[in-house]
Amino acid sequence: MDIVSKQREKIHPHKFIMWVAIGSILMMFAGLTSAYIVKSNQANWEEVQTPQAFWWSTAAILLSSLTIQMALRAFKQRAMQQYRLLIALTVGLGIAFVVLQWIGFNWLWDGGVRFIGAGAGQFLYIIAGLHALHVIGGMVALTVIFLKAFFGKTRSYSSVPVEVAATYWHFVDLLWLYLLIFFVWLG
Amino acid sequence: MNENITPNVPPGTTASHGGLHTGHDGNGHGHDDHHHKQSFVSKYIFSMDHKTIAKQFLITGIIWAIVGGLFSVLFRLQLAYPDETFPILETFFGRWAKGGQIQPEFYYALITMHGTVLVFFVLTGGLSGTFANLLIPLQVGARDMASPFMNMLSYWFFFLASVVMFSSLFVQTGPASGGWTSYPPLSALQGAAEGSKIGMDLWIVSMALFVVSSLLGGLNYIATILNMRTKGMSMTRMPLTMWAILFTAILGVLSFPVLLSGFILLLFDRNLGTSFYLSDIVLNGQILPNEGGSAILYQHLFWFLGHPEVYIIILPAMGLVSEVMSVNARKPIFGYMAMVGSLLAITILAFLVWAHHMFVSGLNPFLGSVFVLLTLLIAIPSAIKVFNWITTLWRGNIRFTPGMMFSIGFVSMFISGGLTGIWLGNSTLDIHLHDTYFVVAHFHIVMGVSAFFGMFAGVYHWFPKMFGRYLNNTLAYIHFWVTLVGAYLIFWPMHYQGLAGVPRRYVDFRLWSSFNHFTDLNKMITVVSIIVFAVQLMFVFNFFYSIFKGRKVRSTNPWGSNTLEWTTPINPGHGNWPGEIPEVHRWAYDYGKDGRDHIMQTEPLNPNETKH
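Residues numbered from 1 in each chain as written. Chains lettered and ligands numbered in written order. Predicted model: local features only at pLDDT ≥ 70, side-chain atom pairs only at ≥ 80, totals over all residues.

Assigned secondary structure in chain B consists of 16 helices and 2 strands. For 612 residues, the compact-globule formula gives about 25 Å, and the C-alpha radius of gyration of chain B, at 25 Å, lands near that figure. Judged by the C-alpha coordinates and their principal axes, chain B covers about 80 × 55 × 50 Å. In chain B, which comprises 612 residues, the share counted as buried stands at 54%. A separation threshold of at least 6 residues defines the contact pool for chain B, and within that pool the share at least 24 residues apart is 80%. (Helix = DSSP H or I, 4+ residues; strand = E, 2+ residues; numbered from the N terminus. Rg over C-alpha atoms; globule rule 2.2 N^0.38 Å. Buried ≥ 20, exposed ≤ 12 C-beta atoms within 10 Å, placed from the backbone. Contact = placed C-beta atoms within 7 Å.)

Structure follows, in structure tokens:
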């Protein structure tokens, strides 16, 4: 017996949970970016230049969306060798993304953007930092899935966990695109 | 096992939900699992059974309610007897009550923690956590939540938040003391007050953990209600409890993250030197370097949650009351679709009225008038609900069970408190009434006491389902009457104090000769508060005593109710139904239909019956 059953042939509850969670995470970033807009109209607002590294990190995370989609397809075709490789690649690109964000933060910091103040730079640390935390969360989930594919005691035929992870990964990708456009536009 | 279910189980998910079982004898208390032994820890502590998690939420909520209630008794002592000394307080609280008198700093900490504890830990965690967990799988016909693991995490984040908040009571500089709203700059500057030091950091951390708990719970509630209903359980056949909890969860999932973002900025301002909320401040004669921040920004972020939060508190109570009232009036709920529609309308309006908390904070008056209009619109769905409750009672065959008494009490409280909402929703009146006892009276009646009444209705009604025993009725009726009369005696006079201009949150009014005539009134309020608090302790005694010694439930459906939870065994095991999950053929409110007392949802339609 299982709790999660297709009682009514609807969307799998775990997938649905992910969609609602995405809505919830979006609200947090909506709160932060609207705070950014409100603040940017007030005195002592300082703009910053978007770090060069952010463009490279954008490329990395866009590419990782592609690899996780291919991983999902490989899983559905039961091409497990290929699937493991692609998941590992996705995690690798995720690490590259976070490292590049870190480099971008360092560049800003060395350029004199500190926590003192309340301009675009301080918001950028917080908003991009929180986004990076969400990417790290996704990487932890992918690593768990990856380890299960190697060491799992039971063989798993359900694509639901991989699909949920892929949905989340595409979401943090698109969220970053939104944030980047937002920073470039208003920063 | 259900033939319809097993073959469709997505393979591979079984492993992650292993250890599930159903009791054969339908007596899941202690000796139900012959073939799958659960340890004490996995059964009662790190349990994934939604019913156990519900009890964990309820008992944690009860403990918090005692703590939060005790705080109010303490600060009421100060308000009524500012000249007296209570040496016993010094014994317990040391320098916070030097010479047996509550010190101003301690007073502010008490009101702050009273608000925080009651609003979040009791009426959000304790109320939603208990009844969403208990009722969702039982009433929609599911074995458990969509993700039992996340559900367990939800409780343990709540527990962790509780531990952090509780520990803040014992730090050297005391707990947070800037009000439950924690407005900057008071909350953002360590040097602003004793309570703005480590106590404030612990408050923010605890609240962040609480937000995580609410989100994990809310995601599960939504997914379970929308995706895991049993065969035949269409949305419009669900009991109103489910609708109310669904909308509550949607409100929480959309508004709590915004609060979290506000707290993150506050943490940075406190500890890393940013100035999101700080500008042009002189603190203890020192000019601070912070510039360009806006304290109003925090108020926007806070009240974008803060206002939906009051509906997060009241909607589940409304759902519980609707269900208990219909069962005990032996009548279908009046205007089922209007009830659902008004819940939806309240949910939408909840997001559009937050600035009515900020009428006097320098908000553009034109913007204020828009928020006045939107705020007053809430009167419409609220009035629809009140009308429907009263018409449900009308010519009903009312059984005055304790649950029913509290439901009727809820309607009384909700009307009394709701009417003053119309006053406060007007920005012009708010100039006079804001931050006075009028506001205190309003929200305590309409949100605090009402939600407690809904919660009590739920506890008395579903206690037999939770523990297989009844609460003691005599104690229950004493509990009800003293609480109802007491709540009115406490809060009704506060309206007059507020109209006279008595400000809230003030520690001492002795030098304010224009308020001298309220001295005796304040004493009366305090005495009644102590009596009402004592009666709540009696309820707590009744609760714990009845878990072990209460009268046993002998039938599966003691209230003659239609909903699915009463088709389970008296003490259901994990999985709820020993056999198949029942199929649903009708809505939840067929009471007194075709000359029959009640027709359960599982009963198929007659050939000449119309579908609902």
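With that out of the way, let us pick up the overall build of chain A. Scanning chain A for helices and strands turns up 5 helices and 0 strands. Principal-axis analysis of the C-alpha atoms gives chain A an extent of 60 × 35 × 25 Å. Burial analysis of chain A (187 residues in total) assigns 42% to the buried set. Restricting the contact set of chain A to residue pairs at least 6 apart, pairs at least 24 apart contribute 83%.

Most pronounced at H461(B), the bend in helix α14 (residues 437–467) of chain B amounts to some 45°, and the proline P464(B) follows within four residues. Summarising burial for α14(B): 30 of the 31 residues are buried, a large majority. (Bend = angle between axes of the 7 residues up to and from the residue.)

Once that is clear, we can look at the packing of helix α2 (residues 50–80) of chain B against helix α16 (residues 519–549) of chain B. All names here are of chain B. Contact pair α2 / α16: the axes reach a minimum separation of 9 Å and the direction vectors enclose 160°. As far as their axial angle goes, α16 and α2 are roughly antiparallel. Two packed elements cross with a definite hand, and for α2 against α16 that hand is left-handed. The residues of α16 that touch α2, namely those facing I62, I66, G69, S72, V73, R76, L77, L79 and A80, are N522, K523, I525, T526, S529, I530, F533, Q536, V540 and F543. (Axes fitted to C-alpha atoms, helices over the stretch in contact; angles between N-to-C directions. Parallel < 35°, antiparallel > 145°, perpendicular 65-115°, else oblique. Left-handed = near helix turned anticlockwise from the far one by under 90°.)

By the secondary structure assignment, F491(B) is in helix α15 (residues 473–499). Sequence spacing of F491(B) and R330(B) is 161 residues, and the spatial spacing of their C-alpha atoms is 33 Å.

The next point concerns unusual backbone geometry. Residues and elements named next belong to chain B. Going from P184 to P185, the amide bond is cis rather than trans, its omega being 5°. In this structure, P185 sits in the loop between α5 (148–167) and α6 (198–227). With a phi angle near 50°, S182 is a residue other than glycine that sits in the positive phi range. Relative to the helices and strands, S182 is located in the loop between α5 and α6. Its identity as a non-glycine residue notwithstanding, D435 has a phi of 60°, on the positive side. Mapped onto the elements of the fold, D435 is located in the loop between α13 (427–433) and α14. Under the C-beta neighbour-count criterion, D435 is labelled partly exposed, with 15 such atoms within 10 Å.

Attention now moves to the packing of helix α8 (residues 295–329) of chain B against helix α11 (residues 379–393) of chain B. All names here are of chain B. Put simply, α8 and α11 touch, their axes get as near as 9 Å, and they point 20° apart. By the angle between their directions, the pair α8 and α11 is classed as roughly parallel. By crossing handedness, the relation of α8 to α11 is classed as left-handed. Across from M318, M325, S326 and A329 in α8, the residues of α11 making contact are K385, W389, T392 and L393.

Another point: the confidence of the model for chain B. Per-chain confidence: chain B averages 91 in pLDDT, with 94% of residues scoring 70 or above. Ignoring residues within four places in sequence, the model shows residues 1–35 of chain B, a span with pLDDT below 50, making 65 contacts including any to other chains. (pLDDT = per-residue confidence, 0-100.)

Here we take up the environment of F268(B). Examined against the element boundaries, F268(B) turns out to sit in helix α7 (residues 240–271). For F268(B) and A188(B), which are 80 residues apart along the polypeptide, the C-alpha to C-alpha distance reads 8.9 Å. Not counting chain neighbours up to four residues away, the residues in contact with F268(B) comprise F115(A), I126(A), T274(B) and F276(B).

Residues and elements named next belong to chain A. The end-to-end C-alpha distance of helix α2 (residues 53–76) is 35 Å, a good match for the 34 Å that 24 residues give at a rise of 1.5 Å each. Looking only at α2, the buried set comprises F54, S57, I61, S64, T67, I68, A71, L72 and F75. Of the surrounding secondary structure, the elements contacted by the buried residues of α2 are α3 (80–110) and α5 (160–186). (Expected span 1.5 Å × (residues − 1).)

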